[in-house]
Structures are given as C-alpha cells and as structure tokens.
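# Structural overview for review
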Amino acid sequence: MVDTTNFVPDQLWAGQRSEYRRPGTVKQGQNLAANTVVMSDTAGKWVIHDGVTSKKVAGILIYAVDATAADAAGVVYKDGDFISSKLVWPATIDAVPVTDLLKNKLLEGTNIFATAYPTGAL
C-alpha cells in the first residue's frame, strides 16, 4: 500500500531552482559527493565546508567530484531553495552537533536557502 499521509522529500528543490551556477576547481585530496556544501580555501579552490560559520559558503556542488589525485573541475549552485536533508553538511557547525538552526546560520549572507522538511511536514 502506498503511504498517502506522509510527505517524504526525494527532490533537491524546496522552491526556487538555481539560476546562478559557477564553475570552479575542487582542491586535490577530496572526493566530494553531489550536493556537498563547499567553501573556498585561501587559493580560491573549493573544499568541503569545515563548519565554521565565519567562513562563507561558496556554493552547493552540483555533481560528485573525485579530486583525490589532482585538482578537478566542478560546478556549484550559487542560489536556490534546497531541501536541507538532501545537502551534505559539515559534521559539526561551530564545533557542536548540526541542527537546522546552525545550518541556517552557516548559510547567512549567501543566496542559498535550505529549508528543513521533515517527514510529514507538508
């Protein structure tokens, strides 16, 4: 029987889809999944976000990028309304376990919005 009473999000978008995408370089030594929240290092290359809210989010990685052997090309979403559970977040934000409030704090000052839609929310 199909469950018709609970909403289980399986899509990435919670509202507006990204209109602004940007190509860039994923720094060597990383194998990043699609939808990873990334930041720029001092050289301007993308790395997985370290969870420090004073460091701005550079974007949401569109495709998985394997840069374990060398720097690799990637593309990020620079804006959009995302379902929070579909993004790959840092393990901690400001050294504490991740909460929806901390995810929002990490995204402050960007054009990226992640909306938490738990099962049954809609």
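Residues numbered from 1 in each chain as written. Predicted model: local features only at pLDDT ≥ 70, side-chain atom pairs only at ≥ 80, totals over all residues. Heavy atoms only, no water.

### Things to note about the overall build of the protein
Counting its regular elements, the protein contains one helix and 11 strands. Along the protein, from the amino end to the carboxyl end, the secondary structure elements read β-β-β-β-β-β-β-β-β-β-α-β. The buried share of the protein, reckoned over its 122 residues, is 39%. Considering only contacts in the protein between residues 6 or more positions apart, those separated by 24 or more positions represent 65%. Put simply, the protein shows about 7,000 Å² of open surface, and 53% of that area lies on carbon and sulfur atoms. (Helix = DSSP H or I, 4+ residues; strand = E, 2+ residues; numbered from the N terminus. Buried < 20%, exposed > 50% of the residue type's maximum accessible area, 1.4 Å probe, protein only. Contact = heavy atoms within 4.5 Å. Areas by Shrake-Rupley, 256 points an atom, 1.4 Å probe, with all protein chains shown as cover.)

### Examining the pattern of salt bridges
This structure, assessed with the given rule, holds four salt bridges. The partner of D100 in a salt bridge is K103, with the nearest N and O atoms 3.8 Å apart. Here D100 and its partner K103 are both found in helix α1 (residues 100–107), three residues apart, which amounts to about one turn of the helix. Judged by relative accessible area, which is 40%, D100 ranks as partly exposed. (Salt bridge = Lys/Arg side-chain N within 4 Å of Asp/Glu carboxyl O.)

### Observations regarding unusual backbone geometry
Not every positive phi belongs to a glycine, and N35 is a case in point at roughly 75°. With respect to the secondary-structure elements, N35 resides in the loop between β2 (30–32) and β3 (37–40). Accessibility expressed as a relative area gives 17% for N35, which makes it buried. Positive phi values are uncommon outside glycine, yet D94 reaches one of about 55°. Inspection of the secondary structure assignment puts D94 in the loop between β9 (92–93) and β10 (96–97).

### As for the nonpolar core
With 16 residues, the main nonpolar core has V37, I60, Y77, F82, L87 and W89 as its most contacted residues. Contributing elements (two or more residues each) for this core: α1 and β11 (111–115). Residue contributions to this core peak at three residues, all from α1. Leave out the neighbours within four places in its chain, and I60 touches N35, T36, V37, V75, V76, Y77, F82, L87 and I112. (Core = buried A, V, L, I, M, F, W, Y, C linked by side-chain atoms within 4.5 Å.)

### A short note on the pairing of β3
Direction of pairing for β3 relative to strand β5 (residues 59–61): antiparallel, over a ladder of two bridges. Directly across from V38, in β5, lies its bridge partner G59. With three bridges connecting them, β3 and strand β4 (residues 46–48) associate as antiparallel partners. Of the residues in β4, the one forming a bridge with M39 is V47. In this structure, the hairpin formed by β3 and β4 is closed by a connection of five residues, where G44 is found at a positive phi of approximately 85°. (Pairing = 2+ DSSP bridges.)

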